[in-house]
Amino acid sequence: MTGFHTERICGSAKATLDTDMDLQQLNDHFGIPNVLSFDEHAGLMRAVITSPAASATIYLQGAHLAHWQPTGERPVLFMSRKSDFLPGKPIRGGVPIAFPWFATDSKEDRFQGKPGPSHGFARIQDWTLSFAALSGDDLHLTFTLGPTELSREMGFDRFRLAFELVIGPSLTMRLAVANDSETPLQFEEALHTYFAVGDVHEVSITGLEPTGYVDKTDNFRFKPAANVPLRLTGFTDRVYPNTTATCAIHDEHFKRTITVEKQNSNTTVVFNPWRELPDMGPDEWHEMVCVETVNAGSGIVTLAPKATHVMQAHVSLSKPQEKRG
Ligand SMILES: O=P(O)(O)OC[C@H]1O[C@H](O)[C@H](O)[C@@H](O)[C@@H]1O
């Protein structure tokens, strides 16, 4: 069984849960008959959920939600059929967690004289499952990540992350960042959500009409608010700063609306590569759009010593005629 070990962090002893539970231990400790079990896919451990309300899959690497499908619905998250599933490699699809920077690292020499990996280290590290419980139809899971050898090499050694998921007919994702140090912690973060759509050409996104954006496909130029719902017509990589708005993805092909409500996130990113990627098949970009819950760029977070910041995204489904009030 798992035990506690003590770790000395800058003079103070802290009890931390062993992070190296094997499959048997995960199943013994957290398994819930007919609802939650653990297996291995391509050498990566994952939680497999089949509750009456939904099915879902979460890899311990990155605490990466790779699949969520409410009962009777199509999958809500896009997962690339060509994704890598390898230790230390990002997974293409689902909900990668970006931390402590978003996209390209701005520090050119952070890691062994090079910039750190795209979207930071959190999505390529093994997280620890620390809580699993069923409450009514909802499965609650919490994954945690503290400083690792890799994070320390990149200069991050006094933080803790918790990723809490509530998986049911809707999905709540909460990312908590605690600053354990005596100095402010600056970080960017994202729940980089890949949504499954019937055909991206038949999608409109509402919520961002009044917000100007940084167009990463046009030399990071700032473009004014469009004042109309967003329809994607080509390579799209937009950072909308200063928006806490709820976004709705209206999918004419699948005849459903996906709604993303967020808290403590002041940035929304919309992304579709409009082409094949090395880890995404030739036509798969038709089937996805990223609407990401983010704090980045001008919205970078500066967290006071000993403080905690919690960012949340709540995802729900509705039929087009069920207009939200
Ligand atoms: O390929 P990745 O590192 O997973 O990043 C995928 C994409 O993530 C975000 O949406 C960024 O805005 C993009 O610039 C980036 O290309």
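An unreviewed UniProt entry annotates the chain as Putative glucose-6-phosphate 1-epimerase of Edaphobacter modestus. UniProt lists a comment for the chain under the heading Sequence similarities (unreviewed entry), and it reads "Belongs to the glucose-6-phosphate 1-epimerase family."

J.: Please explain the overall build of the chain as it appears in this structure.
T.: Looking only at helices and strands, one finds two helices and 24 strands in the chain. Taken over C-alpha atoms, the radius of gyration comes to 19 Å for the chain, in line with the 20 Å a tight globule of 325 residues would show. On the principal axes, the C-alpha backbone points of the chain span a range of 55 × 45 × 40 Å. Across the 325 residues of the chain, 41% fall into the buried class.

J.: Teacher, can you tell me more about the UniProt feature "active site" (unreviewed entry) in the chain here?
T.: Residues annotated in UniProt with the feature "active site" (unreviewed entry) correspond here to His192 and Glu292. Spanning 101 residues, the named residues nonetheless gather at one spot, since no C-alpha pair among them exceeds 4.7 Å. Counting through the fold element by element, histidine 192 comes out in the loop between strand S13 (189-191) and strand S14 (194-196). Those residues in contact with histidine 192 that lie beyond four places of it in its chain are Val95, Pro96, Ala98, His119, Cys290 and Glu292. Of note, glutamate 292 is situated in strand S22 (residues 288-295). The buried category is assigned to glutamate 292, around which 27 C-beta atoms lie within 10 Å. Those residues within four positions of glutamate 292 in sequence are excluded, and the remaining contacts are Ala190, Leu191, His192, Thr193, Thr268, Val269 and Phe271.

J.: Whenever I open this one, the pairing of S22 confuses me. Can you help?
T.: Consecutive residues of a regular strand have side chains that alternate between opposite faces of the sheet. Most of S22 sits inside the fold, with eight of its eight residues counted as buried. Burial along S22 is two-sided: the face carrying Met288, Cys290, Glu292 and Val294 and the face carrying Val289, Val291, Thr293 and Asn295 are both buried. Two elements, S13 and S22, share three bridges in a ladder whose sense is antiparallel. Its bridge partner lying in S22, glutamate 189 is registered against asparagine 295. Of the pairings in the sheet, the one linking S14 to S22 comprises three bridges and is antiparallel in character. What sits directly across from alanine 196, in S22, is methionine 288. Pairing analysis gives five bridges linking strand S21 (residues 267-272) to S22, with the strands arranged antiparallel. Residue pairing across strands places valine 269 opposite glutamate 292, the latter belonging to S22.

J.: Any chance you could explain the site of the ligand here in plain terms?
T.: Around the ligand, the neighbouring residues are Pro90, Ala103, Ser118, His119, His192, Lys216, Asp237, Val269, Phe271 and Cys290. When the residues that make up the shell around the ligand are grouped by side-chain class, the tally is five nonpolar, three polar and two charged.

What counts, and where the lines are drawn
Residues numbered from 1 in each chain as written. Predicted model: local features only at pLDDT ≥ 70, side-chain atom pairs only at ≥ 80, totals over all residues. UniProt positions renumbered as here; feature names shortened; annotations may be inferred. Helix = DSSP H or I, 4+ residues; strand = E, 2+ residues; numbered from the N terminus. Rg over C-alpha atoms; globule rule 2.2 N^0.38 Å. Buried ≥ 20, exposed ≤ 12 C-beta atoms within 10 Å, placed from the backbone. Contact = placed C-beta atoms within 7 Å. Pairing = 2+ DSSP bridges. Near = placed C-beta within 6 Å. Nonpolar A, V, L, I, M, F, W, Y, C, P; charged D, E, K, R; others polar.

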